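The primary structure of each chain is shown beneath.
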Amino acid sequence: MQHTSIYTCPHCGEKTFNPITKAFAGGLHTRGAVCKACGRHCVNGQGSMIFSAVVYILALIAVFYLYFKCNSDWCYAYMIGAVAAAFVVTRLYDAFIGPLTKPIRNDVL
Ligand SMILES: [Zn+2]
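Residues numbered from 1 in each chain as written. Predicted model: local features only at pLDDT ≥ 70, side-chain atom pairs only at ≥ 80, totals over all residues. Heavy atoms only, no water.

> Help me out: how do you make sense of the nonpolar core in this one?
A general trend in soluble globular proteins is that nonpolar side chains are found buried together. Ranked by size, the top nonpolar core spans nine residues in total: Ile6, Tyr7, Cys9, Phe17, Ala25, Ala33, Cys35, Cys42 and Leu100. Contacts of Ala33, omitting those with residues within four sequence positions, involve Phe17, Ala25, Arg40, His41 and Cys42. If you look at the next biggest cluster of nonpolar residues, it comprises six residues, including Leu66, Cys70, Cys75 and Met79. (Core = buried A, V, L, I, M, F, W, Y, C linked by side-chain atoms within 4.5 Å. Buried < 20%, exposed > 50% of the residue type's maximum accessible area, 1.4 Å probe, protein only. Contact = heavy atoms within 4.5 Å.)

The structure is reproduced here in structure tokens:
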């Protein structure tokens, strides 16, 4: 029996993804990335969607907090940094933690 990992295609079971291609495969509502073995689309699953929603909400709170409370010359850099950090953290989650799944959009197979 084939060992399944988070880089395994949910359609054909081949391990056709790596952390980089998986990180940029997109979320449940995107077209996703095409599997090299079967040509069908794969996306990051619901866990990834929930995780990124939480991370972006935290980043938004950080941005608002900095906007109203920050008194340094670097405030805008911190705000950009908070959003950039959220992006990096969500890409890392997709690269190393959440499993791949089939897209739920019905225009891709
Ligand atoms: Zn496949």
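The discussion continues.
> Could you clarify how one ought to interpret helix H3 (residues 75-96) in this entry?
Three- or four-residue spacings in an α-helix give side chains the same orientation, since the helix completes a turn every 3.6 residues. Here H3 contains 22 residues, and its C-alpha end-to-end distance of 31 Å stays within 8% of the 32 Å for a straight helix at 1.5 Å per residue. As for H3, its buried residues are in contact with helix H1 (19-23), strand S2 (41-44) and helix H2 (46-69). (Helix = DSSP H or I, 4+ residues; strand = E, 2+ residues; numbered from the N terminus. Expected span 1.5 Å × (residues − 1).)

> How should I be thinking about the side chain of Thr8 in this particular structure?
Here Thr8 lies in the segment before H1. There is a polar contact of 2.9 Å between the side chain of Thr8 and the backbone nitrogen of Ser5. (Polar contact = N/O pair within 3.5 Å; in protein donor to acceptor, adjacent residues only side chain to side chain.)

> When you look at the side chain of Thr16 in this model, what are you seeing that I'm missing?
Within the element layout of this structure, Thr16 appears in the segment before H1. Note on Thr16: relative accessible area 14%, which makes it buried. Sequence-distant contacts of Thr16, defined by excluding residues within four places in its chain, comprise Tyr7, Cys9, Cys35, Lys36 and Ala37.

> Please explain the state of the cysteines as it appears in this structure.
Linking two cysteines covalently via their sulfur atoms produces the bond known as a disulfide. Tallied over the entire structure, the rule returns one disulfide. A sulfur-sulfur separation of 2.1 Å characterises the disulfide bridge that pairs Cys70 with Cys75. As the torsion about the S-S bond is roughly -85 degrees, the Cys70-Cys75 disulfide counts as left-handed. Classification of Cys75 by relative accessible area gives buried; the value is 10%. (Disulfide = S-S within 2.5 Å.)

> Would you take a moment to explain a nonpolar patch on the surface for this structure?
On the surface, a nonpolar cluster with roughly 910 Å² of combined accessible area is contributed by Ile20, Phe24, Tyr56, Val83, Phe87, Val88, Leu92, Phe96 and Ile97. Top contributing element to the nonpolar patch by residue count: H3, with five residues. For Ile20, the position within the fold is in helix H1. Look at Ile20 and you get exposed, because its relative accessible area is 61%. (Patch = residues over 30% accessible without salt bridge, like charges linked within 9 Å, V, L, I, M, F, W, Y side chains within 5 Å. Areas by Shrake-Rupley, 256 points an atom, 1.4 Å probe, with all protein chains shown as cover. Salt bridge = Lys/Arg side-chain N within 4 Å of Asp/Glu carboxyl O.)

> Explain the sheet that holds S2 to me, please; I cannot follow it from the model alone.
Working definition: the strands of a sheet are paired by backbone hydrogen bonds and lie parallel or antiparallel to each other. On the basis of which strands lie adjacent, the open sheet formed by three strands has the order S1-S2-S3 and antiparallel pairing. Two strands close off the open sheet at either side, each with one partner strand: strand S1 (33-34) and strand S3 (100-101). In terms of strand pairing, S1 meets S2 through two bridges, oriented antiparallel. When the bridges of S2 are listed, Val34 appears paired with His41. (Pairing = 2+ DSSP bridges.)

> I keep staring at the coordination of the zinc ion and nothing clicks. Help me out?
Under ideal tetrahedral coordination, the four donors around a metal are separated by 109.5 degrees; under ideal octahedral coordination, the six donors are separated by 90 or 180 degrees. For the zinc ion, every protein donor is listed as Cys9 (SG), Cys12 (SG), Cys35 (SG) and Cys38 (SG), and the spread of their distances is 2.2 to 2.3 Å. Around the zinc ion, the four donor atoms are arranged such that angles at the metal cover 106 to 113 degrees; this shape is classified as tetrahedral. Taken in sequence order, the residues that donate to the zinc ion follow the motif C-x2-C-x22-C-x2-C. With a gap of 26 residues between them, Cys12 in the segment before H1 and Cys38 in the loop between S1 and S2 connect regions that are remote in the sequence. With relative accessibility at 30%, the residue Cys12 sits in the partly exposed group. A relative accessible area of 27% places Cys38 in the partly exposed class. (Donors = N, O, S within 2.8 Å, 3.2 Å for Na, K, Ca; no water. Tetrahedral: all angles 85-135°; square planar, octahedral: opposite > 155°, others 65-115°.)

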